[in-house]
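Fold and geometry: a report
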Amino acid sequence: MQNYLKPEDDLLTTRSAGEWAAIKLDYLVRYINVFETAMRGKWSIRNYIDLMAGPGKNRIRETDAVLLGSPLLALTTKYAFTGYFFADLSDENTTALDKRCSASPFYDRVHIHPGDCNEIVREIVVQLKRDDRNSLNLAFLDPEGFELEWQTIAQLATIRRIDLIINYPQGGLNRQMALSFQSNEETIVDRFFGDTEWRKIFAKHHGKENFVHRQLMDHYKQKLQRLGYPDVRRDDETGDEPLIRNSKNAPLYRLLFASKSKLGNDFWQKITRRDVSGQTRLF
Ligand SMILES: C[S@@+](CC[C@H](N)C(=O)[O-])C[C@H]1O[C@@H](n2cnc3c(N)ncnc32)[C@H](O)[C@@H]1O
């Protein structure tokens, strides 16, 4: 129990992850730090929402090191959020996460929802809407593949102030799009984008990897714009979506960000200008 909140083995379930998980989590932690430092004096209610939370700890395959996962990083941040909403499809994960969270002085702020986040999101949104006028919210959506449906994003976006950090599965899309494109049924890619517009983009630009993803992410962002998020697309090649690669340098995913406030967008631009090593980011 003493080490439930530390990046150490505690004999509970861990999630097996590649070294690159640390890069993704570094962006999240830096955003949380800026968000909490700047906003805790302005908003008395600040919620962190993590709909694919995992068990709370990752074991890095290459080194056997144990890293805190996103929910525990948010729970142990310098300035705590006032509410935590976690979900995961796996009961084993939510049970381990609950045990770990129970070691926190902020355990009474934690709500854990076992099950499919694409369904559970409704109940969480109802709870968050009780404080809609007075709260600031940050959601981290971190699927393994295509489990995150667009309708879940659309539900979250009905909350007045909610920043979104979304794992955009570039590598998974590279593998899946050709197959889904051939299907006449609704596919996981259709549900991820929330429509079939991606098929037109894919048909026109496939083969030009960076370009096709720029177009697809812009399409996703345009849809976010229709839900109340301002258009913050940048026309340089780097964009605001850091690309995370595996050890063979193959693209895995990008982190796509959306905030309804200019300040949120400025914070994200500031932290994504540099990568985990403090270097100016090239992609
Ligand atoms: C990439 S992992 C999350 C890792 C976590 N962010 C961390 O930093 O440790 C994705 C998680 O989503 C969960 N998951 C998959 N499909 C889901 C769904 N439909 N609803 C909720 N959770 C789901 C998996 O069980 C897995 O734990």
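First, a word on what this report is: a plain description of the structure on this page. (Residues numbered from 1 in each chain as written. Predicted model: local features only at pLDDT ≥ 70, side-chain atom pairs only at ≥ 80, totals over all residues. Heavy atoms only, no water.)

**Some details on the pairing of strand S7 (residues 135-141)**
Rules: Burial classes follow relative accessibility: with a 1.4 Å probe on protein chains only, a residue under 20% of its type's maximum area counts as buried, one over 50% as exposed, and anything between as partly exposed. Here a helix means four or more residues in a row that DSSP labels H or I, a strand means two or more in a row labelled E, and each is numbered from the N terminus. DSSP bridges decide pairing: two strands pair if at least two such bridges lie between them. Place the viewer so that the strands point away; then a crossover is right-handed whenever the path from the first strand over the helix to the second strand goes clockwise.
When you tally the buried positions in S7, you get seven out of seven residues, the bulk of the element. Judged by which residues are buried, S7 turns out to be covered on both faces: Ser135, Asn137, Ala139 and Leu141 on one side and Leu136, Leu138 and Phe140 on the other are all buried. Where strand S2 (residues 45-50) lies against S7, six bridges are found, and the strand directions are parallel. The partner of Ile49 across the bridge, within S7, is Ala139. With helix H5 (residues 150-156) bridging S7 and its parallel neighbour strand S8 (residues 162-168), the resulting β-α-β unit is right-handed.

**Quick notes on the sheet that holds S2**
Across a sheet, strands are paired by hydrogen bonds formed along the backbone, either parallel or antiparallel in direction. Just so we agree on the cut-off: Every axis corresponds to a line fitted to the C-alpha atoms, with the helix fit spanning only the stretch in contact, and the corresponding angles, defined between N-to-C directions, vary from 0 to 180 degrees.
One open sheet accounts for seven strands, arranged S6-S5-S2-S7-S8-S10-S9; its pairing is mixed. Each of the sheet's edge strands pairs with one partner strand only, and the pair in question is strand S6 (110-114) and strand S9 (243-245). When strand polarity is set aside, the average angle formed by the axes of neighbouring strands in this sheet is 15°. Examined bridge by bridge, S8 and strand S10 (residues 251-258) share five bridges and lie antiparallel to one another.

**Some details on the environment of Leu128**
The following threshold applies: Every residue pair with non-hydrogen atoms within 4.5 Å of one another is taken to be in contact.
Mapped onto the elements of the fold, Leu128 is located in helix H4 (residues 117-129). For the pair Leu128 and Asp91, spaced 37 residues apart in the sequence, the C-alpha separation amounts to 23 Å. The contacts of Leu128, once residues within four sequence positions are left out, are Asn47, Ile49, Phe85, Asn137 and Ile159.

**Quick word on the environment of Gln170**
Here Gln170 is to be found in helix H6 (residues 170-181). Separated by 47 residues in sequence, Gln170 and Met217 have C-alpha atoms that sit 9.8 Å apart. What Gln170 contacts, discounting residues up to four positions off in sequence, is Glu209, Asn210, His213, Leu243, Pro251, Leu252, Tyr253 and Arg254.

**Quick look at H6**
Here is the rule: Working rule for helices: expected span equals 1.5 Å times residues minus one.
Between its first and last C-alpha atoms H6 spans 16 Å; for twelve residues at 1.5 Å apiece the expected length is 16 Å, and the two agree. When we look at burial in H6, the residues that qualify are Gln170, Gly171, Gly172, Leu173, Met177 and Ser180. Where H6 is buried, its residues meet S8, helix H7 (188-193), helix H8 (197-205), helix H9 (209-226), S9 and S10.

**Overview of the packing of aromatic side chains**
Here a ring pair, both rings aromatic, is described through the centre-centre distance and the interplanar angle of the planes. Operational definition: Stacked, edge-to-face and tilted are the three classes for Phe, Tyr and Trp ring pairs, Trp counted by its six-membered ring, which pair at centre distances within 6.5 Å; planes under 30 degrees apart are stacked, over 60 edge-to-face, the rest tilted. Working rule: Lys NZ or Arg CZ, within 6 Å of ring centre, within 35 degrees of ring normal, means a charge sits over the ring.
For the structure shown, the criterion picks out 19 aromatic pairs. Ring geometry for Phe81 and Tyr84: centres 5.8 Å apart, planes at 75°, overall edge-to-face. When sorted by exposure, Phe81 lands in the same class as Tyr84, which is buried. The ring of Tyr79 carries the charged tip of Arg40 above its face, separated from the ring centre by 3.5 Å.

**Some points on the site of the ligand**
For clarity, the threshold we go by: We call a residue near a given molecule or strand whenever any one of its heavy atoms falls within 4 Å of it. Think of a polar contact as two N or O atoms within 3.5 Å of one another; within protein, one of them needs to be a possible hydrogen donor and the other a possible acceptor, and neighboring residues in sequence only count if both atoms come from side chains. Only the protein chains shown count as covering a residue, and every accessible area follows the Shrake-Rupley method with a 1.4 Å probe. Three residue categories are used. Nonpolar comprises Ala, Val, Leu, Ile, Met, Phe, Trp, Tyr, Cys and Pro, charged comprises Asp, Glu, Lys and Arg, and polar comprises the others, including Gly.
Near the ligand you find 21 residues, and of these Ser70, Asp88, Asp116, Cys117 and Asp142 are the closest. Residue Asn58 places a side-chain N or O atom 3.1 Å away from an oxygen atom belonging to the ligand. A distance of 2.7 Å is found between a nitrogen atom of the ligand and a side-chain nitrogen or oxygen belonging to Ser70. About the coverage of the ligand: the protein hides 93% of its 600 Å² of free accessible area. Taken together, the residues that form the shell around the ligand break down as eight nonpolar, seven polar and six charged.

Shape descriptors only; they carry no functional weight alone.
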